[in-house]
Amino acid sequence: MRVLIIFGTRPEAIKLAPVIRELGKRSEFDPRVCVTAQHREMLDQVLQLFEIRPDFDLGIMRPDQSLFEVTERALAALEGVLEAERPELVLVQGDTTTAFVGALAGFYRKIRVGHIEAGLRSHDKFAPFPEEMNRRLADELSDLLFAPTEGAKANLLREGFPEERIFVTGNTVIDALLWTVERLESPEAQARLVRRFAELGLDLEGKRLILVTAHRRESFGRLGEICHALRLIAEHNRDVELVYPVHLNPQVQGPVWRALEGTDRVRLLEPLDYESFVWLMSRAYLILTDSGGIQEEAPSLGKPVLVMRERTERPEALAAGTAKLVGVGRERIFQEAQRLLDEPAEYAKMARAVNPFGDGHAAERIVSILKEQLR
Ligand code: UD1
Ligand code: UDP
């Protein structure tokens, strides 16, 4: 069975790596990997770690690309790949423009489409933007819907998708996370990390680490507020180190470096390879983020997350009490972080390891379902 896996960005690569590995183990599948390379450096970091060698690399990324450009270039380039490959199934993941366009390309060629991480909803077309619509459109174009949670399945059922096309599998990000956590335990990995962090000059001895990421398009124009909140946290707490690997989008790099460069106790970094990032998550006292994937990973590591967004399509971590939605205003972000730094009881309530998003076996389930469904 020829399956073409299409992806383009860092989070898709992380979440598809376990699926690609699982497909590779089963002799009945002939998996081919096509990267649009909507991301370049941030994608390559993941391909290298998981030893994925794409069969097709469409190389579409341009500096400061618009949504129109990404859509147009990915769609045009995929036509030739589908023509040459004629797979029985196209697999896409998540809510990026590559995921939506990959599903659309499959549909145009009348090839069956499987969508991993289907059914998440914020119910607000513009938040997250454009991800809410990318995901809804990919769902609509897909034949097999792999919902990570019961909540995601319920969303799909409410929208009228037939139950026999929906499969609850857990989120493959937990597979990738647990694989990486295990790898980190080896002496070789420990030595690698010590070297890497020494090179970066990052010394966390005796410090409470606050790990930060923020990159969403709906936050553009509000990144100044977020950075202001980070500055307040750094000013009010002598025992913290805020570490922020800054996303390579120029719309993020510019405002963040301008606002925070040289601030005491704030360390801006280039995007980290996944292994280093997971290690930092596991060392963190607290995580501040607007990322989708990190909202899913942090509960499994028992780390409290303050979600710097107005809405989330991942309510499971909020319900479990390990994440809190704090918006993008400076005062609220600062106060909520300060509460967790000052009040051990509040901190303990959120710092519990729970796994609302998966158990580390999502990829096995997905591949077994594919085998059943493609027979
Ligand atoms: C994209 C996804 C978003 C996802 C995020 C994960 C869309 C529309 N957006 O947003 O859903 O949460 O990836 O990180 O699908 N760049 C580089 N090197 C890289 C990656 C990006 O230089 O490796 C720069 C380029 O200038 C590029 C810009 O970032 O033009 C924007 O990249 P793009 O993929 O369009 O948007 P993201 O903000 O990364
Ligand atoms: N991540 C990483 N290096 C970093 C920051 C994040 O490897 O410097 C990982 C993180 O653990 C998560 C994924 O990248 O698995 C999230 O990607 P991103 O924030 O780019 O996208 P989103 O999840 O918001 O779509």
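Everything in this summary refers to the structure shown in the same document.

Reading the values: rules and limits
Counting of residues starts from 1 at the beginning of each chain's written sequence and follows it residue by residue. Chain letters start at A and ligand numbers start at 1, both assigned in the order the entries are written. Note on the predicted model: pLDDT of at least 70 is required for a residue's local features to be given, and 80 or more for side-chain atom pairs to be given and counted; whole-chain, interface and lining totals, by contrast, use all residues. As a rule here, side-chain values cover all heavy atoms of the structure and leave hydrogens and water aside. Nearness is judged by heavy atoms alone; a residue qualifies as near a molecule or strand once a single heavy atom is within 4 Å of it. We call two N or O atoms a polar contact when they sit within 3.5 Å, provided that within protein one can donate a hydrogen and the other can accept it, with sequence-adjacent residues counted only if both atoms are side-chain atoms. Each accessible area value is a Shrake-Rupley result obtained with a 1.4 Å probe; residue values ignore everything except the protein chains displayed when judging cover. Labels follow the DSSP assignment, with helices taken as runs of H or I lasting at least four residues and strands as runs of E lasting at least two, numbered in each case from the N terminus. Note on method: axes are straight lines fitted to C-alpha atoms, helices fitted across the in-contact stretch only, with angles between N-to-C directions ranging 0 to 180 degrees. Note on convention: near helix rotated counterclockwise from far helix by under a right angle means a left-handed crossing. Clockwise means right-handed. The criterion used for residue contact is that any of the two residues' heavy atoms lie within 4.5 Å. Under the convention adopted here, Pro, Cys and the residues Ala, Val, Leu, Ile, Met, Phe, Trp and Tyr are nonpolar, Asp, Glu, Lys and Arg are charged, and Gly plus all remaining residues are polar.

We now examine the site of ligand 2. Near ligand 2 you find 16 residues, and of these Arg10, Arg216, Leu272, Gly293 and Glu297 are the closest. In this structure, Ser291 approaches ligand 2 through a side-chain N or O atom, which is 3.0 Å from an oxygen atom. One of the backbone nitrogen or oxygen atoms of Gly293 is found 2.7 Å away from an oxygen atom of ligand 2. Burial of ligand 2 by the protein chains amounts to 95% of its free accessible area of 540 Å². Mapped by element, the contributors of at least two residues to the shell around ligand 2 are α1 (10–25), α11 (274–283) and α12 (292–300). Ranked by residues supplied to the shell around ligand 2, first place goes to α12 with four residues.

What follows concerns the packing of helix α9 (residues 223–236) against helix α14 (residues 330–342). Two numbers describe how α9 lies on α14: the axes approach to 8 Å, and their chain directions differ by 35 degrees. With respect to the hand of their crossing, α9 and α14 are arranged in right-handed fashion. Here α9 contributes Glu225, Ile226, His228, Ala229, Leu232, Ile233 and His236 to the contact with α14, which in turn contributes Arg330, Glu331, Ile333, Phe334, Ala337, Gln338 and Leu341.

Inspection of the region around ligand 1 gives 24 residues, with His39, Glu41, Arg62, Thr97 and Glu131 positioned closest. Arg62 is positioned such that a nitrogen or oxygen atom in its backbone is 2.6 Å from an oxygen atom of ligand 1. Protein coverage of the free-state accessible area of ligand 1, which is 740 Å², stands at 95%. Grouping the amino acids of the shell around ligand 1 by side-chain chemistry returns eight nonpolar, nine polar and seven charged.

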